[in-house]
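In case you want the letters, here they are:
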Amino acid sequence: MNRGEAFQELTRAVGAALETYSNVHRGSGQHSLVSTHLYEQARDVVLQHLGLRADRHVVLFCTPRRAAMLAAQLAPGTYQSVSSAELGLPLGVRALAVERRALPREAPFQTGGGTARLVSPGSVVWARAPDRFEAGTPAIVNVIAMAKALKLVKSHGRDAFLGTTAAEPMAASEILHRDTLGGLSGRALLEGLRQTLIGRGAQVPTAEGLRPYVNLDNAASTPTFEPIWDAVREAWGQPREVQEDLVREVRSICAQALGAPQDAYDVVFTSNTTEAINLVAESLAKTSGAAPGGEVVVLNTLLEHNSNELPWRTTRGLSLVRLGVDSEGFVDPKELEAVLRAYNEAGEHGPKRIGLVAVSGASNVLGVFNDLSSISRIVHQYGARLLVDAAQMVAHRKVEVAAREIDYLVFSAHKVYAPFGTGALVVRKGFLTFSPAELEQIRACGEENMGGIAGLGKALELLQRIGMDVLQADEQALTRRALQGLATVPGLTLFGTKDVGSPRFVHRGGVVAFNLKGMMADRTARGLAERAGIGVRWGCHCAHLLIKHLLGIPPLLQRFQNLIVRLFPRIALPGVVRASFGLQTTEEDVDALVRALREIAAAPRRRADLRKSLEDFKAAAARRVYEAASSTG
């Protein structure tokens, strides 16, 4: 097999993985089960490549910078590593195979989504390895790609991917701005793009036999489309000078799409939202000694994802205070102003001052879009800076960084239809306190994932051509239909804004959280998958504090949960079910959700044994990805 053939087999395999792509772990849908299986199987491939045993070593997938930070905590000789770069692929992935006995015991140095099993206001139960050391959504597709490349290298030699793999170099503008839908815009482009969904029409096993998969798990991660995947694989094979042009062009696309002019803001590419927030926390901690009181005080809200909560409470030199939200998840601007005034003007907390307010642009549980203009005005009036976690916002609403005077904005490409391991930190120039050498290392780490950057750029380019107003109108229509339909399901409790006639409805996105009376969330979610092939997510959604608030779990019970989770790590705790919409979601998908929930409410104990069918389904997907094309049938 020559270089071109190896590259062709790699892209075929990754394309097969994209057909059933979903976020890993805690998803109930068939696609989440497959992606989890492929991702965990990649650990086995790495161990086999290194000649190590799973009972003695655990494989951690990292960015280059995170791998270096973790390796610095490990004793020499306790780990081995392999990287996508040494294979000749710009995936930005490092795999560390670490002796289990050598893993650090203290809190992980990067925290956020996935690193904690349970979070309470004053305590954290950390997850076990490997989750504990893989903060945020991992680069699932890139990890699978690297595992496939390792198998190809084993079969065809270490130089299988070294050198340029593209047939001929392409201009960055051609990769990012040309596609088969080039003559379309607005709603016509939206309809045309939907036809290019990778995995469109996929069938999954259910109690009723094979049925089309209904993906209502978009808040966890979004699928992708052919023009975006085309940009990714074209970027993989380009020479370095073209890749450098791609970085510059995607940085320009981000600046334009997000309203962050390049003369005032920097765009730093990261692996995900979690890493971007950890970078801001690390940067702020460097200034903590100069802050009044000797530390920077960060104010966030009860609404936050763990990625916008844990870094602020675990980074030395920072302290965290929280602002409440009302029953629908909205921040009260008067309360925000009162807290800022008490700290920064009245001096009610001694020398302590709030230096940063970190808020969600949109909730991953309640779909709330808070008034960032009002929040920003109040924050800056009292001399603080504003960070916006826009992970759930960028693909759904217009973002105006400069107009709203946002100082730091963070988001992930895998929630913007480009699930290839890239995120971004958009930051005012001069607001990062790293040395030039440190900043160069941070930039180089993010820019190693060339395909991820190209995918993000192409996704944002498509969204801008469609128009965020078109996407918002479409999503609001689906959300209205969902809320009205779900209100008719017996025993169903909806969380957040329920009244579609409320003035607040315009500030609600396509994320719908609910529970069925007398049924744990995990059971409801499995029922949707088993009966109707509907993929949703259940649990605390890495927003533990908010879920405890919504379910009314008292402090005493929270302390008991901490004990139970330590004794029985696999136990299912109370949570909520979440259905979430993407640009490919249709009215038929929403109606299918409502019908299935009515059936479950009417016959909650009906259960089909799909274990063998699901195992066969996962095994067939793994063969399509990890075996050679000639042997997959």
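In case you missed it, the structure is sitting above this.
A brief structural summary. As the structure is a computational prediction, the values presented were derived from the model and not from experiment.

So, on to the packing of helix α15 (residues 450-466) against helix α16 (residues 468-486). For any two helices packed against each other, one specifies the crossing angle of their axes together with the interaxial distance. Remark: α15 packs on α16, axes separated minimally by 5 Å, with the N-to-C direction vectors making an angle of 80 degrees. Here α16 runs roughly perpendicular to α15, going by the angle between their axes. Contact residues: α15 offers Leu-463, Gln-464 and Ile-466, while α16 offers Met-468, Val-470 and Leu-471.

Our next topic: the pattern of salt bridges. For the structure on display, the rule yields 40 salt bridges. The residue Glu-9 makes a salt bridge to Lys-148 at a minimum N-O spacing of 3.0 Å. Note that Glu-9 is positioned in helix α1 (residues 3-19) and Lys-148 in helix α5 (residues 140-156), a separation of 139 residues in sequence. The buried category is assigned to Glu-9, whose relative accessible area is 8%. Judged by relative accessible area, Lys-148 falls into the buried class, the value being 2%. Measuring nitrogen to oxygen at the nearest pair gives 2.9 Å for the salt bridge that ties Arg-465 to Asp-179. Of the two residues, Arg-465 sits in helix α15 while Asp-179 sits in the loop between α6 (172-177) and α7 (186-194), which places them 286 residues apart along the sequence. Considered together, Arg-465 and Asp-179 belong to a single accessibility category, that of buried residues. Through salt bridges that share partners, Asp-179, Lys-458, Glu-461 and Arg-465 make up one connected network.

Turning next to the state of the cysteines. Using the criterion set out here, one finds 0 disulfides in the structure. A disulfide-free cysteine, Cys-62 has its sulfur positioned 10.0 Å from the sulfur of Cys-445, the nearest such atom. Looking at Cys-62, the relative accessible area reads 4%, which means it is buried. Here Cys-542 stays unpaired: no disulfide links it, and the sulfur of Cys-540, its closest cysteine neighbor, is 9.0 Å away. The buried category is assigned to Cys-542, whose relative accessible area is 18%.

Take the sheet that holds strand β12 (residues 354-360) next. Within a sheet, adjacent strands bond to each other through the backbone by hydrogen bonds, running parallel or antiparallel. The mixed open sheet is built from 7 strands, whose spatial order is β9-β15-β14-β13-β12-β10-β11. One side of each edge strand has no neighbouring strand; the edge strands of this open sheet are β9 (265-270) and β11 (318-323). The sheet shows a mean angle of 20 degrees between the axes of neighbouring strands, taken without regard to direction. With 6 bridges joining them, strand β10 (residues 296-301) and β11 adopt parallel strand pairing. The residue bridging Val-297 from the neighbouring strand is Ser-319, located in β11. Of the strands in this sheet, β10, β11 and β12 touch helix α12 (residues 333-344), which is tilted by about 160 degrees from β12.

Turning our eyes to something else, we now look at the packing of aromatic side chains. Throughout the structure, instances matching the rule amount to 5 aromatic pairs. Measuring from ring centre to ring centre gives 5.6 Å for Trp-229 and Trp-236, while their planes differ by 80 degrees; the resulting arrangement is edge-to-face. For Trp-229, a relative accessible area of 5% corresponds to the buried category. Since its relative accessible area comes to 4%, Trp-236 is described here as buried. Plain terms: the ring middles of Tyr-408 and Phe-431 are 6.0 Å apart, the flat faces sit at 50 degrees to each other, and that makes the pair tilted. Linking Tyr-408 in strand β14 (residues 408-412) with Phe-431 in the loop between β15 (423-428) and α14 (436-447), this pair joins segments that are 23 residues apart in sequence. Through a chain of ring-to-ring contacts, three or more aromatic side chains come together here, namely Trp-229, Trp-236 and Phe-420. One residue, Arg-385, lies across the ring of Phe-431, its end atom 3.6 Å from the ring centre. Against the face of Phe-369 rests Arg-397, its NZ or CZ located 4.1 Å from the ring centre.

This brings us to α12. The end-to-end C-alpha separation of α12 is 16 Å, in line with the 16 Å expected for 12 residues at 1.5 Å each. Residues of α12 that are buried include every one of Leu-336, Glu-337, Leu-340, Ala-342, Tyr-343 and Asn-344, and no others. Between the side-chain oxygen of the N-cap and the backbone nitrogen of Lys-334 there are 2.9 Å, and the N-cap of α12 in question is Asp-332.

Attention now goes to the side chain of Arg-508. Residue placement: Arg-508 occurs in the loop between β16 (492-495) and β17 (511-516). Of the side chains with opposite charge, Glu-328 lies nearest to the buried Arg-508, which makes no salt bridge, at 7.6 Å. Of note is the side chain of Arg-508, whose polar atom sits 3.1 Å from the backbone oxygen of Phe-495.

Turning next to the packing of α16 against helix α20 (residues 587-602). α20 packs onto α16 with a crossing angle of 15 degrees between their chain directions and a minimal axis gap of 10 Å. Classified by the angle between their axes, α16 and α20 sit roughly parallel to one another. Regarding α16 and α20, the two cross each other, and that crossing is right-handed. Listed contacts from α20 to Leu-478, Arg-481, Ala-482, Gly-485 and Leu-486 of α16 are Glu-587, Val-590, Asp-591, Leu-593, Val-594, Leu-597 and Arg-598. When grouped by side-chain class, the residues that make up the contact of α16 with α20 number 7 nonpolar, 1 polar and 4 charged.

Take the layout of surface pockets next. Of the pockets and cavities examined, the second largest pocket occupies roughly 570 Å³. Around the second largest pocket sit 28 residues that line it, and Leu-197, Gly-201, Tyr-213, Gln-584 and Asp-589 are the ones nearest its centre. Mapped by element, the contributors of at least two residues to the lining of the second largest pocket are α1, α7, β7 (209-212), β8 (214-215) and α20. For the lining of the second largest pocket, the element with the most residues is α20, which contributes 4 residues. The residue makeup of the lining of the second largest pocket, split by class, is 11 nonpolar, 9 polar and 8 charged.

Reading the values: rules and limits
- Residues numbered from 1 in each chain as written.
- Predicted model: local features only at pLDDT ≥ 70, side-chain atom pairs only at ≥ 80, totals over all residues.
- Heavy atoms only, no water.
- Axes fitted to C-alpha atoms, helices over the stretch in contact; angles between N-to-C directions.
- Helix = DSSP H or I, 4+ residues; strand = E, 2+ residues; numbered from the N terminus.
- Parallel < 35°, antiparallel > 145°, perpendicular 65-115°, else oblique.
- Contact = heavy atoms within 4.5 Å.
- Salt bridge = Lys/Arg side-chain N within 4 Å of Asp/Glu carboxyl O.
- Buried < 20%, exposed > 50% of the residue type's maximum accessible area, 1.4 Å probe, protein only.
- Disulfide = S-S within 2.5 Å.
- Pairing = 2+ DSSP bridges.
- Phe/Tyr/Trp six-rings, centres within 6.5 Å; stacked < 30°, edge-to-face > 60°.
- Lys NZ or Arg CZ within 6 Å of the ring centre and 35° of its normal.
- Expected span 1.5 Å × (residues − 1).
- Polar contact = N/O pair within 3.5 Å; in protein donor to acceptor, adjacent residues only side chain to side chain.
- Lys, Arg positive; Asp, Glu negative; His and termini not counted.
- Left-handed = near helix turned anticlockwise from the far one by under 90°.
- Nonpolar A, V, L, I, M, F, W, Y, C, P; charged D, E, K, R; others polar.
- 1 Å grid on protein atoms, 1.4 Å probe; cavity = no way out; pocket = protein on both sides within 12 Å on 5 of 7 lines; lining within 4 Å.
- Points joined across faces, edges and corners; volume = space filled by probe spheres on them.

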